[in-house]
Amino acid sequence: MSNTVLSIRNLVVDIPTRHAVLRPVDNVSYDIAAGEILGVVGESGAGKSMAGNAVIGLLNRPAHISGGEIWLNGNRIDNLPREKLRRLRGKDMGMVFQDPLTSLNPLLRIGDQLTETMLTHLDISRSEAEKRAVAALEEVGIPAAAERVNSYPHEFSGGMRQRVVIALALCAEPSLIIADEPTTALDVSVQAQIIALLKRLCRQRGTAVMLITHDMGVIAEACDRVAVMYAGRLAELGPVREVIQNPRHPYTDGLMGSTPLASKGQKRLRQIPGSMPRLGRLPAGCAFNPRCPKAQDACRIDPPPTMEDGRAACLYPIEIEKKVPA
Amino acid sequence: MSALISVSELTRIFDVSKPWLNRVLERLPKRFLTAVSDVSFDVDEKTTYALVGESGSGKSTIGKMIVGLLPPSDGHVTIGEVDLAIERDKQKIDQARREIQMIFQDPYASLNPRWKVRAIINEPVAARGEDTNGLAERLLEQVGLSAEDADKYPHEFSGGQRQRICIARALSSEPKLIVCDEPTSALDVSVQAQVLNLMSDLKDEFGLTYLFISHDLTVVQHMADKIGVLYLGRLVEEAAPGDLFENPRHPYTQMLLAAAPKMDGFGREVEPPKGEIPDPINPPSGCAFHPRCPIAVDRCKAERPKIRQVGGSRVACHLAE
Amino acid sequence: MADTGLNTPISKMTAKSGRGAAFWNSDLVYSFRRSPVAIISTLVTVILVLTAILAPLIAPHNPFDPSTLNLMNGFSQPMQPNAFTGETFWLGTDGQGRDIFSTILYGMRISLFVASLAVLFAMVLGVTLGLIAGYVGGWVDTIIMRIADVQLTFPSILIAMLISGIARGFTPVQYRDEVAIWVLIIAIGLSDWVQFARVVRGTTLIEKNKEYVQAARMIGRSRGAIMLWHILPNVLNPVLVIATISFALAIIAEATLSFLGVGAPPTEPSLGTLINTGRDFLLSGEWWILLFPALTLLALALSVNLLGDWLRDALNPRLR
């Protein structure tokens with residue numbers, strides 16, 4: 001792809017502990033193109049946020065990148081010194097977290113936070129930055145933006161705060177946005193507003209988005225492609241419609257099947273037995289094998305092949321047969 | 001079928017005023033938050049009644065009033081024949097209480113970290129000085145854990161397993177009704193399916209009645225026999241899931257259903273709902289939904305709609321038909 | 001790539017099994033093993049406490065049995081044979097020929113006895129009041145915490161002096177020495193409960209809103225049962241930390257009061273009393289009578305305090 005914004009190659013993140021070295025992200029590779037929304041989905045502990053934090057350079061010690069490469073707009077960024085990476089954050093990468101309050105300074109007016117960010121990263125005058133701050137707030141749908149620039153974060157509701165965070169993430173015109181569970185703390189009606197906003201802004205600006213979430217519905221509605229993670233590894237990667245309607249990895253299949261939406265009208269939900277293994281207690285071979293209905297002996301020996309040869313990291317992927325009419 | 005619980009004109013008002021001294025110095029009036037306002041519904045025996053709503057809808061407050069954690073400001077909760085708020089006979093209250101149990105949202109906070117699982121499960125029975133021999137072990141097996149787990153501490157279990165322990169505790173006093181306050185919202189989807197299946201099985205096995213409180217429409221649709229939709233402390237619509245999802249009659253229900261993400265909604269462009277939930281301290285006049293309602297008329301601003309029967313549903317909207 | 005030691009626990013090195021291994025590998029013990037300060041201060045504390053407890057077995061003399069004293073031994077210098085009797089005392093003797101080493105051992109017993117009972121008293125009082133204030137709330141909370149606030153505005157040593165002064169005033173002269181120790185314990189305890197109450201109240205406020213407490217309320221358990229069985233076990237970690245640090249402070253408070261003459265009587269001298277006595281001889285050149293009790297006090301208070309600091313860090317997950 002020529003317009004690839006973010007490219008992750010064989011990323012490995014390790015956390016050395018006194019008992020063992022934990023590996024929350026294990027050999028993960030994916031690309032995000034300009035204007036594309038890539039959903040990263042998985043259950044808690046799947047390593048989806050850890051991969052996002054590795055890209056932003058916000059891994060908390062002792063977690064660190066111990067293998068692989070991260071490329072942003074053709075430049076390698078995983079081995080940059082801290083200070084360079086800090087400049088890159090904000091300028092080339094915007095971030096939206098689950099709790100908007102963690103991204104906003106409670107003591108500064110939001111207008112000042114926007115202008116400061118722009119003045120740090122863009123070559124513009126203060127008056128220009130102030131004008132753009134108002135425009136940015138209008139763009140994310142904050143009513144009476146010209147007056148609200150003088151408000152403090154606590155004067156906004158949860159949904160409005162998340163809009164401010166999005167404005168802040170976008171104001172330096174980054175080429176990549178990493179949104180980690182941006183709507184999890186919000187109500188359904190507000191969630192729909194925020195998702196619609198993210199989609200619109202990214203399409204207009206051609207920003208690449210990594211949307212990390214556990215909500216299949218959000219993935220289906222917002223994303224172009226989806227990466228399914230399980231126990232730190234990629235289980236499946238592909239176009240969102242393909243992955244949801246014709247999952248090829250048994251885990252994806254189970255995940256889709258266990259949402260109440262997918263089993264409409266059935267008395268019992270389909271369930272995956274057991275729970276995700278803790279890091280450091282991963283089974284040999286495919287991490288999913290103890291819960292997998294199709295596991296064979298081979299699955300218990302070697303980790304499954306990586307993504308190069310197909311969509312799913314599985315030795316015995318589900319054949320495409322049950323074509324559901326879309 | 002007879003109603004196991006009957007909730008009538010239930011209202012709860014919280015005093016959210018600043019401390020007395022601040023009020024006097026800053027000349028502020030007292031402030032009250034109406035969390036639940038005039039809510040009435042019946043839950044039939046051996047059914048699942050779901051309360052859905054967004055934050056501030058008062059769904060958890062109703063649950064707390066039903067189990068007796070909060071006294072109502074007005075209105076009544078009747079369990080069987082007993083009205084907990086006015087009943088003075090201790091024995092009757094105790095009997096009514098043991099027929100209600102609760103499962104909480106956060107499986108990490110709802111088990112005492114210093115207690116062994118056995119003591120946790122036995123507590124509702126042991127607190128009454130009754131025999132608990134083998135009870136925890138039996139219940140653990142019933143919820144899909146093993147009897148040996150009784151000697152462990154909560155931190156040795158995953159979120160889904162902890163929620164199973166909570167269910168075992170709720171079952172120990174052989175209740176008729178279990179109030180489930182967002183029982184799976186802290187769990188992953190695959191684990192959520194396990195817990196919901198378990199709850200369905202136990203319901204059949206023990207003839208339980210559930211009051212299911214949730215913000216997740218998909219879970220509610222799967223579990224409920226009847227759904228009550230709450231908005232700003234008021235019951236706006238009540239219907240069976242088929243009716244509610246096929247033919248929502250209240251504009252708020254319609255908005256909620258349209259906004260919920262759908263698994264087959266690839267690239268769906270919906271007009272997102274307008275506005276946000278109003279401040280419950282100063283709710284809008286008349287129908288609380290009228291500022292966001294696409295079809296509101298003048299009457300909606302002036303007069304609060306009474307809930308009335310429309311088709312198979314009960315709806316609180318002047319215009320519904 | 002999968003066999004980079006991902007699943008090999010390092011704890012294999014310690015070839016222990018079962019409960020012992022679980023204890024050995026628990027976070028607290030691990031943090032202890034890794035902290036030289038904790039190990040040394042524990043060692044010092046244990047040695048000092050053991051020698052104090054076993055004083056009658058260890059001490060070469062019983063300093064309070066007049067029949068064993070020889071006035072000729074008075075003012076012996078440390079490690080030097082006495083000019084008259086030729087006897088050698090490790091740490092010298094005081095004016096009455098008492099062996100300083102022995103008096104220190106016996107003095108430490110008194111100091112430790114007073115400090116532990118005082119902390120125990122403060123702990124029981126503070127934890128009880130803190131639990132009640134936090135769980136019951138309302139005006140009960142207001143009253144308890146305002147009393148605590150008022151008490152905090154006075155230096156605790158002043159309160160201890162006040163209490164011991166009042167108690168002395170009410171005690172007939174002939175009983176004063178007998179009750180002096182108990183007055184001391186109550187005085188120090190009463191000046192120290194506030195810390196326990198504040199911390200326990202704060203933790204209780206957090207715990208009481210957790211769902212396990214709601215679950216217990218719902219099944220109709222009484223307030224007392226919930227406080228005792230549900231909340232108390234969950235507020236004990238910070239109490240342990242405060243108790244350790246308070247213990248060091250109580251040792252010093254006891255020494256201070258005794259030094260000021262309102263503490264342990266000369267018939268049952270504590271480390272503070274010994275220091276007070278030694279002060280008179282400092283200017284006349286008999287430095288050892290003051291120095292050695294003072295050093296013991298320093299070692300004891302410092303090691304307990306360092307232990308408390310380590311415990312606070314080790315039990316606080318945010319600092320790990």
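The structure presented is a predicted model; accordingly, all values stated were derived computationally and were not measured.

1. A closer look at the overall build of chain C
For step 1, the next point in the chain: Summing up its helical and strand segments, chain C has 13 helices and zero strands in all.
For step 2, the next point in the chain: In chain C, the succession of α and β elements from N to C terminus is α-α-α-α-α-α-α-α-α-α-α-α-α.
For step 3, the next point in the chain: Its C-alpha atoms put chain C at 75 × 65 × 30 Å along the principal axes.
For step 4, the next point in the chain: Taking all 320 residues of chain C together, 44% fall into the buried category.
For step 5, the next point in the chain: For chain C, the exposed area adds up to about 16400 Å²; of that, 69% sits on carbon and sulfur atoms.

2. Digging into the overall build of chain A
For step 1, the next point in the chain: Across its full length, chain A holds ten helices and ten strands.
For step 2, the next point in the chain: Out of the 326 residues belonging to chain A, those deemed buried represent 57%.
For step 3, the next point in the chain: Across chain A, every contact between residues at least 6 apart in sequence was considered, and the portion connecting residues at least 24 apart equals 65%.
For step 4, the next point in the chain: Counting every atom, chain A has about 13800 Å² of accessible surface; 51% of that belongs to carbon and sulfur.
For step 5, the next point in the chain: Seen as two clouds, the 39 positive and the 35 negative side-chain charges of chain A have centres 4 Å apart.

3. What about helix α8 (residues 176–190) of chain C?
Residue and element names in this part refer to chain C.
For step 1, the next point in the chain: With 15 residues, α8 extends 20 Å between its outermost C-alpha atoms, agreeing within 8% with the 21 Å of an ideal straight helix rising 1.5 Å per residue.
For step 2, the next point in the chain: The largest bend along α8 reaches roughly 25 degrees and is located at Trp 182.
For step 3, the next point in the chain: Those residues of α8 lying buried are Ala 180, Ile 181, Val 183, Leu 184, Ile 185, Ala 187, Ile 188 and Gly 189.
For step 4, the next point in the chain: On the buried face of α8, the contacting elements are α5 (100–136), α7 (156–170), α9 (193–207) and α11 (223–259).

4. Topic: the packing of helix α3 (residues 36–53) of chain C against helix α13 (residues 288–315) of chain C
All names here are of chain C.
For step 1, the next point in the chain: Orientation of α3 relative to α13, taken along the N-to-C sense of each, is 135 degrees, at an axis distance of 8 Å. Relative to α13, the element α3 lies oblique. You can see that α3 and α13 cross each other, and the crossing is left-handed. Contacts between α3 and α13 involve Val 37, Ala 38, Ser 41, Thr 42, Val 44, Thr 45 and Leu 48 on the former and, on the latter, Thr 296, Ala 299, Leu 300, Ser 303, Val 304, Leu 306, Leu 307 and Trp 310.

5. Quick word on helix α7 (residues 189–206) of chain B
Residue and element names in this part refer to chain B.
For step 1, the next point in the chain: Over its 18 residues, α7 extends 25 Å from the first C-alpha to the last, a length consistent with the 26 Å expected when each residue adds 1.5 Å.
For step 2, the next point in the chain: Along α7, 14 of the 18 residues are buried, which leaves the element largely enclosed by surrounding structure.
For step 3, the next point in the chain: Phi turns positive one or two residues past the end of α7, at Gly 207, with a value near 60 degrees.

6. A word on the environment of Ser 175 of chain A
Residue and element names in this part refer to chain A.
For step 1, the next point in the chain: Tracing the backbone shows Ser 175 in the loop between α6 (158–170) and β7 (176–180).
For step 2, the next point in the chain: For Ser 175, a relative accessible area of 18% gives the class buried.
For step 3, the next point in the chain: Separated by 84 residues in the primary sequence, Ser 175 and Lys 91 have C-alpha atoms spaced 8.4 Å apart.
For step 4, the next point in the chain: If sequence neighbours within four positions are ignored, Ser 175 has contacts with Val 5, Asn 73, Asp 92, Thr 207 and Ala 208.

7. Looking at the environment of Lys 176 of chain B
All names here are of chain B.
For step 1, the next point in the chain: With respect to the secondary-structure elements, Lys 176 resides in the loop between α6 (159–172) and β7 (177–181).
For step 2, the next point in the chain: Residues Lys 176 and Gly 286, 110 residues apart in the sequence, show an inter-C-alpha distance of 38 Å.
For step 3, the next point in the chain: Leaving out residues up to four positions away in the same chain, Lys 176 has contacts with Leu 4, Glu 99, Leu 208 and Thr 209.

8. Concerning the domain arrangement of chain A
Residues and elements named next belong to chain A.
For step 1, the next point in the chain: Taken domain by domain, chain A consists of domain 1 (1–92 + 174–193 + 200–326) and domain 2 (107–173).
For step 2, the next point in the chain: Taking both partners together, domain 1 and domain 2 bury about 1200 Å²; carbon and sulfur atoms supply 56% of that area.
For step 3, the next point in the chain: Of all residues in domain 1, Pro 174, Leu 201 and Arg 205 give up the largest surface area on contact with domain 2, accounting jointly for 39% of the area buried on that side.
For step 4, the next point in the chain: Along the contact surface separating domain 1 from domain 2 lie one salt bridge.
For step 5, the next point in the chain: Glu 139 serves as the salt-bridge partner of Arg 205, at 2.8 Å between the closest nitrogen and oxygen.
For step 6, the next point in the chain: For the interface between domain 1 and domain 2, the tally reads five residue pairs in polar contact (both at pLDDT 80 or more).
For step 7, the next point in the chain: Among the secondary structure elements, those contributing two or more residues to the side of domain 1 that touches domain 2 are α2 (82–91) and α7 (188–205).
For step 8, the next point in the chain: Take the side of domain 1 that touches domain 2: its biggest share by element is six residues, from α7.
For step 9, the next point in the chain: Split into classes, the residues belonging to the side of domain 1 that touches domain 2 amount to six nonpolar, five polar and five charged.

9. Section: the nonpolar core
For step 1, the next point in the chain: Core analysis: the biggest nonpolar cluster contains 103 residues, and Tyr 30, Leu 176 and Met 210 of chain A have the highest contact counts within it.
For step 2, the next point in the chain: Of the residues forming this core, the biggest block, eight residues, is contributed by α6 of chain A.
For step 3, the next point in the chain: A domain split of this core shows at least three residues from each of domain 1 (1–92 + 174–193 + 200–326) and domain 2 (107–173) of chain A.
For step 4, the next point in the chain: Look past the residues within four positions of Tyr 30 of chain A in its chain and what remains in contact with it is Leu 6, Ser 7, Ile 8, Arg 9, Leu 38, Val 40, Ala 51, Met 210, Ala 227, Leu 234 and Leu 237 of chain A.
For step 5, the next point in the chain: In this structure, Ala 52, Leu 271, Ile 289 and Phe 292 of chain C belong to the second largest nonpolar core, which totals 65 residues.

10. Thoughts on the interface of chain B and chain A
Accessible area lost when the parts come together is the quantity often used to give the size of an interface.
For step 1, the next point in the chain: Listed by partner, the interface residues are 40 residues for chain B and 45 residues for chain A.
For step 2, the next point in the chain: Where chain B abuts chain A, roughly 3500 Å² becomes buried across the two surfaces, and 53% of that area is made up of carbon and sulfur atoms.
For step 3, the next point in the chain: Summed over the shared surface of chain B and chain A, the number is one salt bridge.
For step 4, the next point in the chain: Measuring nitrogen to oxygen at the nearest pair gives 2.6 Å for the salt bridge that ties Arg 268 of chain A to Asp 201 of chain B.
For step 5, the next point in the chain: Summed over the shared surface of chain B and chain A, the number is twelve residue pairs in polar contact (both at pLDDT 80 or more).

11. Some thoughts on the environment of Gly 67 of chain A
All names here are of chain A.
For step 1, the next point in the chain: Relative to the helices and strands, Gly 67 resides in strand β4 (residues 64–72).
For step 2, the next point in the chain: C-alpha of Gly 67 to C-alpha of Leu 11: the two residues are 56 residues apart in sequence and 5.6 Å apart in space.
For step 3, the next point in the chain: With near-sequence residues (within four places) excluded, Gly 67 lies in contact with Asn 10, Leu 11 and Val 12.

12. Digging into the side chain of Ser 110 of chain B
For step 1, the next point in the chain: Inspection of the secondary structure assignment puts Ser 110 of chain B in the loop between β6 (100–103) and α4 (117–126).
For step 2, the next point in the chain: Looking at Ser 110 of chain B, its side chain comes within polar contact range of the main-chain oxygen of Asp 106 of chain B, at 3.0 Å.
For step 3, the next point in the chain: Ignoring any residue separated from it by four or fewer positions in sequence, one finds Ser 110 of chain B in contact with Phe 104, Cys 166 and Arg 169 of chain B together with Glu 211 and Tyr 212 of chain C.

13. Brief notes about the pairing of strand β9 (residues 226–231) of chain B
Residue and element names in this part refer to chain B.
For step 1, the next point in the chain: Burial of β9 is extensive: five of the six residues sit out of reach of the surface.
For step 2, the next point in the chain: Where β9 lies against strand β10 (residues 234–239), five bridges are found, and the strand directions are antiparallel. Among the inter-strand pairings, Leu 230 is bridged to a residue of β10, identified as Leu 235.

14. Details of the packing of α6 of chain A against α7 of chain A
Residue and element names in this part refer to chain A.
For step 1, the next point in the chain: The geometry of α6 relative to α7 is characterised by a closest axis approach of 10 Å and an angle of 15 degrees between their N-to-C directions. Taken as axis vectors, α6 and α7 run roughly parallel relative to one another. Helix-helix and strand crossings are classified by hand; for α6 and α7 the assignment is right-handed. Along the contact surface, α6 presents Gly 159, Gln 162, Arg 163, Ile 166 and Leu 170, while α7 presents Val 190, Gln 193, Ile 194, Leu 197, Leu 198, Leu 201 and Arg 205.
For step 2, the next point in the chain: Broken down by class, the residue content of the contact of α6 with α7 amounts to seven nonpolar, three polar and two charged.

15. A few points about the sheet that holds strand β3 (residues 37–41) of chain A
Residue and element names in this part refer to chain A.
For step 1, the next point in the chain: Spatial strand order, β6-β7-β8-β3-β9-β10: six strands in an open sheet with mixed pairing. One side of each edge strand has no neighbouring strand; the edge strands of this open sheet are β6 (93–96) and β10 (233–239). Strand-to-strand, the axes of this sheet are offset by a mean angle of 15 degrees, without reference to chain direction.
For step 2, the next point in the chain: Sheet topology places β3 next to strand β8 (residues 208–213); five bridges connect them, and they run parallel.

16. Let's talk about the sheet that holds strand β1 (residues 4–16) of chain A
All names here are of chain A.
For step 1, the next point in the chain: Read across the sheet, four strands follow the order β2-β1-β4-β5 without closing on themselves; strand pairing throughout is antiparallel. Each end of this open sheet is capped by a strand with a single partner; those strands are β2 (21–33) and β5 (75–76).
For step 2, the next point in the chain: Helix α1 (residues 48–56) contacts β1, β2 and β4 of the sheet and is inclined by roughly 110 degrees relative to β1.

17. Some details on the packing of aromatic side chains
All names here are of chain A.
For step 1, the next point in the chain: Taken as a whole and assessed by the stated rule, the structure comprises eleven aromatic pairs over all chains.
For step 2, the next point in the chain: Measuring from centroid to centroid gives 5.2 Å for Tyr 251 and Phe 288, while their planes differ by 70 degrees, and the two rings are edge-to-face. Placement of the pair is Tyr 251 in helix α10 (residues 250–258) and Phe 288 in the segment after α10, with a sequence separation of 37 residues. Like Phe 288, Tyr 251 is buried.

18. Focus on a nonpolar patch on the surface
All names here are of chain C.
For step 1, the next point in the chain: A cluster of nonpolar residues, Val 46, Leu 50, Ile 53, Leu 54, Leu 57 and Ile 58, forms a patch on the protein surface that exposes about 550 Å² of accessible area.
For step 2, the next point in the chain: Of all the elements in the fold, those that place two or more residues in the nonpolar patch are α3 and α4 (55–58).
For step 3, the next point in the chain: Take Leu 50: it is sitting in helix α3.

What counts and what doesn't
- Residues numbered from 1 in each chain as written.
- Chains lettered and ligands numbered in written order.
- Predicted model: local features only at pLDDT ≥ 70, side-chain atom pairs only at ≥ 80, totals over all residues.
- Heavy atoms only, no water.
- Helix = DSSP H or I, 4+ residues; strand = E, 2+ residues; numbered from the N terminus.
- Buried < 20%, exposed > 50% of the residue type's maximum accessible area, 1.4 Å probe, protein only.
- Areas by Shrake-Rupley, 256 points an atom, 1.4 Å probe, with all protein chains shown as cover.
- Contact = heavy atoms within 4.5 Å.
- Lys, Arg positive; Asp, Glu negative; His and termini not counted.
- Charge placed at Lys NZ, Arg CZ, Asp CG, Glu CD.
- Expected span 1.5 Å × (residues − 1).
- Bend = angle between axes of the 7 residues up to and from the residue.
- Axes fitted to C-alpha atoms, helices over the stretch in contact; angles between N-to-C directions.
- Parallel < 35°, antiparallel > 145°, perpendicular 65-115°, else oblique.
- Left-handed = near helix turned anticlockwise from the far one by under 90°.
- Domains from an automatic or database assignment.
- Buried area = accessible area lost by both parts, 1.4 Å probe.
- Salt bridge = Lys/Arg side-chain N within 4 Å of Asp/Glu carboxyl O.
- Polar contact = N/O pair within 3.5 Å; in protein donor to acceptor, adjacent residues only side chain to side chain.
- Nonpolar A, V, L, I, M, F, W, Y, C, P; charged D, E, K, R; others polar.
- Core = buried A, V, L, I, M, F, W, Y, C linked by side-chain atoms within 4.5 Å.
- Pairing = 2+ DSSP bridges.
- Phe/Tyr/Trp six-rings, centres within 6.5 Å; stacked < 30°, edge-to-face > 60°.
- Patch = residues over 30% accessible without salt bridge, like charges linked within 9 Å, V, L, I, M, F, W, Y side chains within 5 Å.

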